[in-house]
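Remarks on the overall topology
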Amino acid sequence: MDKDTIIQLRQQPIEAVAERLGLRVTRHKSLCPFHDDHHASMSYNVRKNTYRCFACGAHGGTIDLVINLLRKSFPDACRWLADSANIIVEEHNPKTQNSKLKIQNSFDASRYARHFEHPWLSDEAIRFLFDERRLNPRVVRWCRLTSWTDRQGTHWLQTPFFDATGKLIGLQNRNLDYHKPEKEVFHEKDKPNKEDCPTKSHHSPPYGGGAGGGATPPRFRFPYGARCSIYNLPVTAMLRPEEPLYITEGCSDCWAMLSAGHKAVAIPSATLLSKADKDLLCNLAERLGTTFHMYPDRDAPGERLFMQLKEVLPSLEHHQLPPDCKDFSDYYMKAQ
């Protein structure tokens, strides 16, 4: 994990992190989770982005709060915080003086591309995509989602990232068992038609970073060197003049937006956008008159992402989700 990523994790709003951890923050205060507190003695300094309990003395920043409350190590706390904030974390590779090994650290698209030529879905992936998320099968085929199971029995959904020309530039492994009960029943009647979703019974490709060493697998994993700044870029080649393009915060919201009949991309973090990414988006507005729209998640990080993207795209329009919907995926599922 590089220094810039750690800085980004430390800059996550302290009150938003506290709320993700289950603390109820009101007027910059909450009950302290580190002692038997009945008078909201935990105070949050949003300017310094820190917390402090004036009763027991507990204090620190975002990463410290996760470490102390969840009893995690520093690396695990960073991964938890990154997962909760949709920040991409590349696995650390020790420095080596061997230049050949350094070259191998870049993303090798040829190693993964063939797995997306004929995607297939496990029962767990079918349940997640169609029973839980209620996505349109045509969207799943368009996005070329595939799945696999590692040697520890963890089920993963693999999401490819392509550039605007359709070249594979990165991928995301999503843990389908993350925070799920050990045993879940999948009803046959809930499965889509086999014609819509090519499947196989089990697959364990030797790639993508399965769970290892007995550690709890993270929610997301990214191969080293993968570029995952904008998702679903190939849709930009299909835009008609003055056609709207919706920007979502993650792949799941993008799938929901596509299933709702809109052309969409996902940008999980404005800070990860390269100059080429920004130029591509701005060029769409200049060349095609593309209008940009966004339904930010109903939380502080969602609104902050909107404001950051609006600096890049001044014409970006804000759409408000209903009060009972936390993100567009939730809104889409409730509308089905």
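Anything mentioned here points back to the structure above.
So, here is what we can say about the structure in this document. Residue positions are given per chain, counted from 1 along the sequence in the order it is written. For this predicted model, a pLDDT threshold of at least 70 governs which residues receive local features, and a threshold of 80 or more governs which side-chain atom pairs are given and counted, while totals over whole chains, interfaces and linings are taken from all residues. Side-chain metrics in this entry use all non-hydrogen atoms of the structure; hydrogen atoms and water are not considered.

What follows concerns the sheet that holds strand S10 (residues 264-266). Strand pairing in a sheet relies on backbone hydrogen bonds. The paired strands run either parallel or antiparallel. What makes two strands pair is DSSP finding at least two bridges between them. For helices the rule is a DSSP run of H or I covering at least 4 residues; for strands it is a run of E covering at least 2, with both sets numbered from the N terminus onward. Ordered in space as S10-S9-S11-S12, the 4 strands form an open sheet in which the pairing is parallel. Each edge of the open sheet is held by one strand with a lone partner, namely S10 and strand S12 (317-318). Sheet topology note: the strand S11 (residues 291-294)/S12 ladder contains 2 bridges and is parallel. Along S12, the bridge assignment pairs Met294 with His318. Running at roughly 165° to S11, helix H10 (residues 300-312) makes contact with strand S9 (244-248), S11 and S12 of the sheet. Two residues form a contact once any of their heavy atoms are found within 4.5 Å. Only the stretch in contact is used when a helix axis is fitted, and all axes are lines through C-alpha atoms; the angle between N-to-C directions ranges over 0 to 180 degrees.

Bringing the sheet that holds strand S8 (residues 220-221) into the picture now. Spatially, the 4 strands line up as an open sheet ordered S5-S6-S7-S8, and their pairing is antiparallel. The outermost strands of the open sheet, each flanked by one partner alone, are strand S5 (146-149) and S8. Against the sheet, helix H6 (residues 123-132) contacts S5, strand S6 (155-162) and strand S7 (168-175), and its axis sits at roughly 65° relative to S6. Relative to the sheet, helix H8 (residues 251-259) contacts S6 and S7, its axis offset from that of S6 by approximately 75°.

It is worth spelling out the pattern of salt bridges at this point. We define a salt bridge as a contact between a side-chain nitrogen of Lys or Arg and a carboxyl oxygen of Asp or Glu at a distance within 4 Å. Applying the stated criterion across every chain yields a total of 8 salt bridges. Lys334 is the partner of Asp330 in a salt bridge, and the nearest nitrogen-oxygen pair spans 3.5 Å. Here Asp330 and its partner Lys334 are both found in helix H11 (residues 328-335), 4 residues apart, which amounts to about one turn of the helix. By relative accessible area, Asp330 is classed as buried at 13%. Summary of the burial criterion: residues with accessible area below 20% of their type's maximum are buried, those above 50% are exposed, and those between are partly exposed, where the area comes from a 1.4 Å probe applied to protein chains only.

A positive phi is found at Ala40, a non-glycine position, where the angle reads about 50°. With respect to the helices, strands and loops of the structure, Ala40 is situated in the loop between strand S1 (29-30) and strand S2 (42-45). Since its relative accessible area comes to 28%, Ala40 is described here as partly exposed. Of note, the phi angle at Glu242 is positive, near 65°, even though the residue is not glycine. With respect to the element layout, Glu242 can be found in the loop between S8 and S9. A relative accessible area of 60% means that Glu242 is categorised as exposed.

Turning next to the packing of aromatic side chains. Between rings of Phe, Tyr and Trp, where Trp is taken as its six-membered ring, a pair exists when centres lie within 6.5 Å; planes separated by under 30 degrees are stacked, by over 60 edge-to-face, and by other angles tilted. The tally for this structure, following the rule as stated, stands at 7 aromatic pairs. Through a chain of ring-to-ring contacts, three or more aromatic side chains come together here, namely Tyr246, Tyr295, Phe328 and Tyr331.

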